Amino acid sequence: MTNNFWKILRKPIIGLAPMDGITDWPTRQIQISVAKPDVIFTEFIGAEFMINKPEKLKRKISFSENERPIVAQIVGYMPDAFATTVKKIIEAGFDGIDLNLGCPARSIMHRGAGAALIGNFHDTAEIIGNILRSIDENKSRGKIPFSVKTRINKDRDMTAKWFEFLTEFPLDAIIIHGRKPHQGLTGDVDWKELEFVSEIIRSKNILCIGNGGITSLEHGRDMCEKHNLDGVLIGQAALGNPWIFRETKPEVAEILHIIKKHAELAWEFYGQRGFPSVIKHFKWYCKNFSGSKKLRAALLKTKTLQEVMSILSMFDCGANVCESLECTEN
Ligand SMILES: Cc1cc2nc3c(=O)[nH]c(=O)nc-3n(C[C@H](O)[C@H](O)[C@H](O)COP(=O)(O)O)c2cc1C
(Lines give C-alpha, C1' and ligand atoms only; values in the text may rest on other atoms or scores of the structure.)
Protein backbone atom coordinates (compact mmCIF):
# COMPACT_ATOMS: atom_id res chain seq x y z
CA MET A 1 0.00 0.00 0.00
CA THR A 2 1.54 3.32 -1.09
CA ASN A 3 1.45 6.37 1.14
CA ASN A 4 1.75 8.55 -1.96
CA PHE A 5 -1.74 10.03 -2.24
CA TRP A 6 -0.91 11.59 -5.65
CA LYS A 7 -0.70 8.08 -7.08
CA ILE A 8 -4.14 7.01 -5.88
CA LEU A 9 -6.26 10.09 -6.59
CA ARG A 10 -8.77 9.65 -9.39
CA LYS A 11 -8.14 11.85 -12.42
CA PRO A 12 -8.86 14.52 -13.27
CA ILE A 13 -7.76 15.76 -9.85
CA ILE A 14 -9.60 18.93 -8.86
CA GLY A 15 -8.11 20.59 -5.81
CA LEU A 16 -8.23 23.78 -3.80
CA ALA A 17 -5.25 26.06 -4.50
CA PRO A 18 -3.04 27.37 -1.69
CA MET A 19 -4.02 30.94 -0.83
CA ASP A 20 -2.18 32.98 1.75
CA GLY A 21 -4.58 34.65 4.19
CA ILE A 22 -7.41 32.45 2.88
CA THR A 23 -6.85 28.70 3.12
CA ASP A 24 -6.37 28.64 6.88
CA TRP A 25 -7.90 25.96 9.12
CA PRO A 26 -11.36 27.62 9.47
CA THR A 27 -11.73 28.12 5.70
CA ARG A 28 -10.54 24.60 4.93
CA GLN A 29 -13.08 23.22 7.43
CA ILE A 30 -15.82 25.24 5.76
CA GLN A 31 -14.74 23.96 2.35
CA ILE A 32 -14.85 20.35 3.52
CA SER A 33 -18.24 20.74 5.17
CA VAL A 34 -19.69 21.99 1.86
CA ALA A 35 -17.82 19.80 -0.65
CA LYS A 36 -14.45 18.15 -0.39
CA PRO A 37 -11.84 18.95 -3.05
CA ASP A 38 -9.63 16.02 -4.14
CA VAL A 39 -6.63 17.68 -2.49
CA ILE A 40 -6.22 20.70 -0.23
CA PHE A 41 -3.21 22.95 0.34
CA THR A 42 -2.32 25.11 3.32
CA GLU A 43 -1.47 28.78 2.89
CA PHE A 44 2.23 29.14 2.22
CA ILE A 45 4.39 28.59 5.28
CA GLY A 46 7.61 30.58 5.53
CA ALA A 47 10.56 28.20 5.77
CA GLU A 48 12.19 30.80 7.99
CA PHE A 49 9.25 30.80 10.49
CA MET A 50 11.04 27.97 12.28
CA ILE A 51 13.81 30.43 13.16
CA ASN A 52 11.90 33.71 13.46
CA LYS A 53 8.29 32.89 14.35
CA PRO A 54 7.88 29.42 15.87
CA GLU A 55 4.41 30.32 17.26
CA LYS A 56 3.19 31.31 13.79
CA LEU A 57 4.59 28.07 12.39
CA LYS A 58 2.64 26.06 14.98
CA ARG A 59 -0.65 27.60 13.89
CA LYS A 60 0.14 27.29 10.18
CA ILE A 61 0.87 23.58 10.45
CA SER A 62 -2.24 22.60 12.37
CA PHE A 63 -4.84 20.61 10.47
CA SER A 64 -7.60 18.06 11.13
CA GLU A 65 -7.86 14.44 9.99
CA ASN A 66 -10.88 15.21 7.78
CA GLU A 67 -8.67 17.39 5.55
CA ARG A 68 -6.62 14.51 4.14
CA PRO A 69 -5.03 14.50 1.68
CA ILE A 70 -3.56 17.81 2.78
CA VAL A 71 -0.36 19.33 1.46
CA ALA A 72 1.74 21.86 3.38
CA GLN A 73 3.23 24.50 1.12
CA ILE A 74 6.56 26.11 1.97
CA VAL A 75 8.03 29.33 0.63
CA GLY A 76 11.45 30.65 1.49
CA TYR A 77 14.83 31.97 0.51
CA MET A 78 17.32 30.54 3.03
CA PRO A 79 18.26 27.05 1.81
CA ASP A 80 19.35 26.00 5.31
CA ALA A 81 15.97 26.91 6.83
CA PHE A 82 14.08 24.33 4.77
CA ALA A 83 15.43 21.17 6.42
CA THR A 84 14.00 21.90 9.88
CA THR A 85 10.68 23.18 8.55
CA VAL A 86 10.28 20.07 6.40
CA LYS A 87 10.99 17.91 9.46
CA LYS A 88 8.29 19.78 11.44
CA ILE A 89 5.80 19.34 8.59
CA ILE A 90 6.50 15.61 8.38
CA GLU A 91 6.19 15.24 12.17
CA ALA A 92 2.84 17.07 12.03
CA GLY A 93 1.61 14.26 9.73
CA PHE A 94 0.92 16.06 6.46
CA ASP A 95 0.30 13.98 3.33
CA GLY A 96 2.54 16.04 1.07
CA ILE A 97 4.97 18.94 0.85
CA ASP A 98 4.87 21.56 -1.87
CA LEU A 99 7.49 24.20 -2.65
CA ASN A 100 6.26 27.61 -3.78
CA LEU A 101 8.23 28.72 -6.84
CA GLY A 102 5.61 31.09 -8.21
CA CYS A 103 4.47 33.75 -5.73
CA PRO A 104 4.91 37.17 -7.39
CA ALA A 105 4.17 39.25 -4.24
CA ARG A 106 6.82 41.92 -3.76
CA SER A 107 7.28 40.97 -0.10
CA ILE A 108 8.24 37.44 -1.18
CA MET A 109 10.16 38.22 -4.36
CA HIS A 110 12.39 40.90 -2.91
CA ARG A 111 13.91 38.26 -0.64
CA GLY A 112 14.58 36.02 -3.61
CA ALA A 113 11.75 33.55 -2.86
CA GLY A 114 8.62 32.45 -4.78
CA ALA A 115 8.61 33.58 -8.41
CA ALA A 116 12.06 35.16 -7.96
CA LEU A 117 13.43 31.62 -8.08
CA ILE A 118 12.03 30.94 -11.57
CA GLY A 119 15.11 30.66 -13.77
CA ASN A 120 17.46 30.77 -10.76
CA PHE A 121 18.73 27.23 -11.24
CA HIS A 122 21.49 27.43 -8.64
CA ASP A 123 19.42 28.52 -5.62
CA THR A 124 16.43 26.38 -6.61
CA ALA A 125 18.65 23.30 -6.86
CA GLU A 126 20.08 24.01 -3.41
CA ILE A 127 16.61 24.47 -1.87
CA ILE A 128 15.13 21.39 -3.54
CA GLY A 129 18.24 19.40 -2.61
CA ASN A 130 17.83 20.37 1.06
CA ILE A 131 14.13 19.49 1.03
CA LEU A 132 14.77 16.10 -0.57
CA ARG A 133 17.53 15.35 1.92
CA SER A 134 15.27 16.24 4.83
CA ILE A 135 12.46 14.10 3.38
CA ASP A 136 14.90 11.22 3.10
CA GLU A 137 16.12 11.64 6.67
CA ASN A 138 12.55 11.70 8.02
CA LYS A 139 10.94 8.78 6.25
CA SER A 140 10.24 6.50 9.19
CA ARG A 141 6.52 6.50 8.24
CA GLY A 142 7.27 6.31 4.50
CA LYS A 143 8.56 8.99 2.18
CA ILE A 144 6.32 12.05 2.04
CA PRO A 145 5.38 13.05 -1.56
CA PHE A 146 6.94 16.27 -2.82
CA SER A 147 5.61 18.70 -5.45
CA VAL A 148 6.42 22.21 -6.65
CA LYS A 149 4.00 24.95 -7.67
CA THR A 150 5.36 27.37 -10.22
CA ARG A 151 4.46 29.42 -13.30
CA ILE A 152 5.20 29.53 -16.99
CA ASN A 153 8.21 31.71 -17.79
CA LYS A 154 8.63 34.78 -20.03
CA ASP A 155 8.94 32.93 -23.34
CA ARG A 156 8.76 29.40 -24.77
CA ASP A 157 12.51 28.81 -24.59
CA MET A 158 12.80 29.94 -20.96
CA THR A 159 9.72 27.94 -20.04
CA ALA A 160 11.14 24.79 -21.64
CA LYS A 161 14.48 25.21 -19.83
CA TRP A 162 12.76 25.80 -16.48
CA PHE A 163 10.60 22.67 -16.71
CA GLU A 164 13.41 20.52 -18.12
CA PHE A 165 15.43 21.58 -15.08
CA LEU A 166 12.61 20.91 -12.58
CA THR A 167 11.79 17.50 -14.01
CA GLU A 168 15.35 16.32 -13.33
CA PHE A 169 14.32 16.11 -9.65
CA PRO A 170 12.29 13.19 -8.26
CA LEU A 171 9.04 15.17 -7.96
CA ASP A 172 5.60 13.61 -7.58
CA ALA A 173 3.68 16.49 -9.12
CA ILE A 174 4.22 19.90 -10.67
CA ILE A 175 1.49 22.50 -10.40
CA ILE A 176 1.71 25.25 -13.00
CA HIS A 177 -0.10 28.54 -12.88
CA GLY A 178 -0.61 29.44 -16.53
CA ARG A 179 0.09 33.14 -16.04
CA LYS A 180 3.56 34.68 -16.21
CA PRO A 181 4.95 36.21 -12.99
CA HIS A 182 4.35 39.82 -14.13
CA GLN A 183 0.62 39.03 -14.63
CA GLY A 184 0.07 38.40 -10.94
CA LEU A 185 -3.37 36.89 -10.42
CA THR A 186 -5.26 38.33 -13.36
CA GLY A 187 -5.21 38.29 -17.13
CA ASP A 188 -5.28 35.53 -19.69
CA VAL A 189 -4.19 32.03 -18.75
CA ASP A 190 -2.00 30.48 -21.45
CA TRP A 191 -3.49 26.99 -21.75
CA LYS A 192 -1.43 26.26 -24.89
CA GLU A 193 1.74 26.86 -22.89
CA LEU A 194 0.41 24.58 -20.14
CA GLU A 195 -0.19 21.91 -22.76
CA PHE A 196 3.38 22.33 -24.03
CA VAL A 197 4.76 22.03 -20.48
CA SER A 198 2.58 19.02 -19.70
CA GLU A 199 4.41 17.04 -22.39
CA ILE A 200 7.77 17.68 -20.73
CA ILE A 201 6.42 16.86 -17.27
CA ARG A 202 4.37 13.78 -18.10
CA SER A 203 7.20 12.28 -20.17
CA LYS A 204 9.07 11.98 -16.84
CA ASN A 205 6.11 10.30 -15.12
CA ILE A 206 5.43 13.36 -12.98
CA LEU A 207 1.82 14.47 -12.50
CA CYS A 208 0.98 17.73 -14.23
CA ILE A 209 -1.63 19.94 -12.55
CA GLY A 210 -2.75 23.15 -14.26
CA ASN A 211 -4.01 26.27 -12.57
CA GLY A 212 -5.50 29.62 -13.45
CA GLY A 213 -8.97 31.02 -14.06
CA ILE A 214 -10.96 27.81 -13.51
CA THR A 215 -14.58 28.78 -12.85
CA SER A 216 -16.38 25.46 -12.29
CA LEU A 217 -15.84 21.71 -11.95
CA GLU A 218 -16.96 21.28 -15.54
CA HIS A 219 -14.52 23.93 -16.75
CA GLY A 220 -11.72 22.21 -14.81
CA ARG A 221 -12.49 18.78 -16.28
CA ASP A 222 -12.73 20.29 -19.75
CA MET A 223 -9.31 21.99 -19.47
CA CYS A 224 -7.74 18.74 -18.26
CA GLU A 225 -9.09 16.86 -21.24
CA LYS A 226 -8.23 19.52 -23.81
CA HIS A 227 -4.72 20.24 -22.56
CA ASN A 228 -3.43 16.87 -21.31
CA LEU A 229 -3.44 17.70 -17.63
CA ASP A 230 -3.82 15.30 -14.71
CA GLY A 231 -5.80 17.87 -12.79
CA VAL A 232 -6.34 21.51 -11.91
CA LEU A 233 -6.41 23.65 -8.78
CA ILE A 234 -9.15 26.23 -8.23
CA GLY A 235 -8.19 29.49 -6.53
CA GLN A 236 -10.08 32.77 -6.72
CA ALA A 237 -13.34 31.24 -7.96
CA ALA A 238 -13.59 29.47 -4.58
CA LEU A 239 -13.45 32.71 -2.58
CA GLY A 240 -16.76 32.90 -0.74
CA ASN A 241 -17.89 30.05 -2.96
CA PRO A 242 -17.06 26.66 -1.43
CA TRP A 243 -20.06 25.40 -3.46
CA ILE A 244 -17.87 25.47 -6.56
CA PHE A 245 -16.70 21.97 -5.61
CA ARG A 246 -20.19 20.52 -5.96
CA GLU A 247 -22.73 20.69 -8.76
CA THR A 248 -25.57 22.46 -6.90
CA LYS A 249 -25.86 26.10 -5.90
CA PRO A 250 -26.76 27.01 -2.30
CA GLU A 251 -30.05 28.40 -0.98
CA VAL A 252 -29.79 31.63 1.04
CA ALA A 253 -30.36 29.68 4.28
CA GLU A 254 -27.26 27.61 3.57
CA ILE A 255 -25.16 30.70 2.87
CA LEU A 256 -26.26 32.20 6.19
CA HIS A 257 -25.47 28.96 7.96
CA ILE A 258 -21.97 28.94 6.43
CA ILE A 259 -21.33 32.55 7.48
CA LYS A 260 -22.27 31.61 11.05
CA LYS A 261 -20.16 28.48 11.03
CA HIS A 262 -17.15 30.27 9.50
CA ALA A 263 -17.37 32.96 12.18
CA GLU A 264 -17.53 30.32 14.93
CA LEU A 265 -14.53 28.43 13.55
CA ALA A 266 -12.49 31.62 13.18
CA TRP A 267 -13.32 32.57 16.77
CA GLU A 268 -12.32 29.11 17.98
CA PHE A 269 -9.04 29.17 16.02
CA TYR A 270 -7.90 32.78 16.38
CA GLY A 271 -9.79 34.22 19.35
CA GLN A 272 -10.68 37.91 19.25
CA ARG A 273 -7.26 39.11 18.07
CA GLY A 274 -7.21 37.18 14.82
CA PHE A 275 -10.98 37.20 14.29
CA PRO A 276 -10.94 40.11 11.77
CA SER A 277 -9.22 37.78 9.27
CA VAL A 278 -12.63 36.16 8.64
CA ILE A 279 -14.39 39.43 7.74
CA LYS A 280 -13.21 39.42 4.11
CA HIS A 281 -15.01 36.10 3.62
CA PHE A 282 -18.32 37.74 4.64
CA LYS A 283 -17.85 40.21 1.80
CA TRP A 284 -17.54 37.33 -0.65
CA TYR A 285 -20.43 35.31 0.81
CA CYS A 286 -22.90 38.21 0.74
CA LYS A 287 -23.59 38.52 -2.96
CA ASN A 288 -26.54 38.16 -5.28
CA PHE A 289 -29.37 37.44 -2.85
CA SER A 290 -32.11 39.64 -1.54
CA GLY A 291 -30.72 41.84 1.24
CA SER A 292 -27.12 40.68 0.65
CA LYS A 293 -25.76 44.19 0.24
CA LYS A 294 -27.18 45.34 3.56
CA LEU A 295 -26.07 42.21 5.32
CA ARG A 296 -22.57 42.61 3.90
CA ALA A 297 -22.33 46.23 5.04
CA ALA A 298 -23.37 45.23 8.55
CA LEU A 299 -21.07 42.21 8.79
CA LEU A 300 -18.06 44.20 7.59
CA LYS A 301 -18.33 46.31 10.75
CA THR A 302 -18.23 43.41 13.17
CA LYS A 303 -15.36 42.75 15.53
CA THR A 304 -16.61 39.81 17.59
CA LEU A 305 -18.45 36.54 17.15
CA GLN A 306 -21.30 37.88 19.24
CA GLU A 307 -21.81 40.83 16.87
CA VAL A 308 -21.90 38.48 13.88
CA MET A 309 -24.46 36.25 15.61
CA SER A 310 -26.70 39.14 16.51
CA ILE A 311 -26.67 40.51 12.94
CA LEU A 312 -27.43 37.08 11.50
CA SER A 313 -30.34 36.56 13.88
CA MET A 314 -31.77 39.97 12.91
CA PHE A 315 -31.39 39.08 9.23
CA ASP A 316 -33.09 35.74 9.85
CA CYS A 317 -36.17 37.42 11.26
CA GLY A 318 -36.23 40.09 8.56
CA ALA A 319 -35.15 43.08 10.66
CA ASN A 320 -33.37 45.98 8.99
CA VAL A 321 -29.77 45.19 9.86
CA CYS A 322 -28.60 48.47 8.40
CA GLU A 323 -30.71 50.62 10.67
CA SER A 324 -29.67 48.68 13.72
CA LEU A 325 -25.99 49.19 12.89
CA GLU A 326 -26.37 52.75 11.64
CA CYS A 327 -24.89 51.91 8.28
CA THR A 328 -25.56 54.12 5.29
CA GLU A 329 -25.61 51.56 2.49
CA ASN A 330 -28.99 50.47 1.12
C1 LIG B 1 -5.37 35.78 -1.92
C2 LIG B 1 -4.47 34.81 -2.64
C3 LIG B 1 -3.42 34.23 -1.95
C4 LIG B 1 -2.58 33.32 -2.61
N5 LIG B 1 -1.60 32.68 -1.89
C6 LIG B 1 -0.88 31.69 -2.48
C7 LIG B 1 0.00 30.87 -1.72
O8 LIG B 1 0.11 30.98 -0.49
N9 LIG B 1 0.72 29.94 -2.40
C10 LIG B 1 0.60 29.75 -3.75
O11 LIG B 1 1.27 28.89 -4.32
N12 LIG B 1 -0.26 30.48 -4.47
C13 LIG B 1 -1.01 31.42 -3.87
N14 LIG B 1 -1.94 32.10 -4.59
C15 LIG B 1 -2.12 31.77 -6.02
C16 LIG B 1 -3.18 30.69 -6.19
O17 LIG B 1 -2.79 29.48 -5.60
C18 LIG B 1 -3.43 30.44 -7.68
O19 LIG B 1 -2.23 30.00 -8.26
C20 LIG B 1 -3.89 31.69 -8.41
O21 LIG B 1 -4.88 32.37 -7.69
C22 LIG B 1 -4.40 31.34 -9.81
O23 LIG B 1 -5.53 30.52 -9.75
P24 LIG B 1 -7.01 31.14 -9.96
O25 LIG B 1 -6.98 31.91 -11.24
O26 LIG B 1 -7.91 29.95 -9.94
O27 LIG B 1 -7.22 32.05 -8.79
C28 LIG B 1 -2.78 33.02 -3.97
C29 LIG B 1 -3.85 33.62 -4.64
C30 LIG B 1 -4.70 34.49 -3.99
C31 LIG B 1 -5.86 35.09 -4.73
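What to know about the environment of Glu-251
Tracing the backbone through its elements, the reader meets Glu-251 in the loop between β8 (231-234) and α11 (252-274). The exposed category is assigned to Glu-251, whose relative accessible area is 61%. Linking Glu-251 and Phe-289, residues 38 residues apart in sequence, is a C-alpha distance of 9.3 Å.

Comments concerning the side chain of Asn-211
Inspection of the secondary structure puts Asn-211 in strand β7 (residues 207-211). In this structure Asn-211 comes out as buried when scored by relative accessible area, which is 7%. Contacts of Asn-211, omitting those with residues within four sequence positions, involve Ala-17, Lys-149, Ile-175, Ile-176, His-177, Gly-178, Val-189, Leu-194 and Leu-233.

Regarding the pairing of strand β5 (residues 146-151)
Most of β5 sits out of view: six of its six residues are buried. Burial of the side chains of β5 extends over both faces: Phe-146, Val-148 and Thr-150 are buried on one face and Ser-147, Lys-149 and Arg-151 on the other. In terms of strand pairing, strand β4 (residues 96-101) meets β5 through five bridges, oriented parallel. Paired with Leu-99 across the two strands is Val-148, which belongs to β5. The pairing of β5 with strand β6 (residues 173-177) spans five bridges and is parallel. Its bridge partner lying in β6, Val-148 is registered against Ile-174. What joins β5 to β6 is helix α8 (residues 156-166), and the crossover it makes is right-handed.

Here's the deal with the packing of helix α13 (residues 292-299) against helix α14 (residues 305-316)
Contact geometry for α13 and α14: axes closest at 10 Å, N-to-C directions at 160°. It follows from the interaxial angle that α13 and α14 lie roughly antiparallel. Where α13 crosses over α14, the two elements pack in a sense that is right-handed. For the pair α13 and α14, contact is made by Leu-295, Ala-298 and Leu-299 and by Val-308, Ile-311, Leu-312 and Phe-315, respectively. Split by residue class, the contact of α13 with α14 holds seven nonpolar, no polar and no charged.

Brief notes about empty space enclosed by the protein
Going through the model one piece at a time under the given rule, you end up with one cavity of 30 Å³ or more. By volume, the largest cavity amounts to about 100 Å³. Ile-22, Thr-27, Gln-31, Ala-238 and Gly-240 are the residues nearest the centre of the largest cavity, which is lined by 14 residues in total. Its residues assigned to classes, the lining of the largest cavity shows eight nonpolar, six polar and no charged.

Points about helix α9 (residues 191-202)
For α9, which comprises twelve residues, the first-to-last C-alpha distance of 16 Å matches the rise-based estimate of 16 Å (1.5 Å per residue) to within 8%. The complete set of buried residues in α9 reads Trp-191, Glu-193, Leu-194, Val-197, Ser-198, Ile-200 and Ile-201. End-on, the buried residues of α9 take up no more than an arc of 160°, which puts them together on one face. Every exposed residue of α9 that faces more than 90 degrees away from the buried side is listed here: Lys-192 and Glu-199. Buried residues in α9 make contact with α8, β6, β7, α10 (217-226) and β8. A side-chain oxygen of the first residue of α9 lies 3.3 Å from the backbone nitrogen of Lys-192; this N-cap is Asp-190.

Parameters and conventions
Residues numbered from 1 in each chain as written. Predicted model: local features only at pLDDT ≥ 70, side-chain atom pairs only at ≥ 80, totals over all residues. Heavy atoms only, no water. Helix = DSSP H or I, 4+ residues; strand = E, 2+ residues; numbered from the N terminus. Buried < 20%, exposed > 50% of the residue type's maximum accessible area, 1.4 Å probe, protein only. Contact = heavy atoms within 4.5 Å. Pairing = 2+ DSSP bridges. Right-handed = clockwise from strand over helix to strand, strands pointing away. Axes fitted to C-alpha atoms, helices over the stretch in contact; angles between N-to-C directions. Parallel < 35°, antiparallel > 145°, perpendicular 65-115°, else oblique. Left-handed = near helix turned anticlockwise from the far one by under 90°. Nonpolar A, V, L, I, M, F, W, Y, C, P; charged D, E, K, R; others polar. 1 Å grid on protein atoms, 1.4 Å probe; cavity = no way out; pocket = protein on both sides within 12 Å on 5 of 7 lines; lining within 4 Å. Points joined across faces, edges and corners; volume = space filled by probe spheres on them. Expected span 1.5 Å × (residues − 1). Arc of directions from axis to C-beta. Polar contact = N/O pair within 3.5 Å; in protein donor to acceptor, adjacent residues only side chain to side chain.

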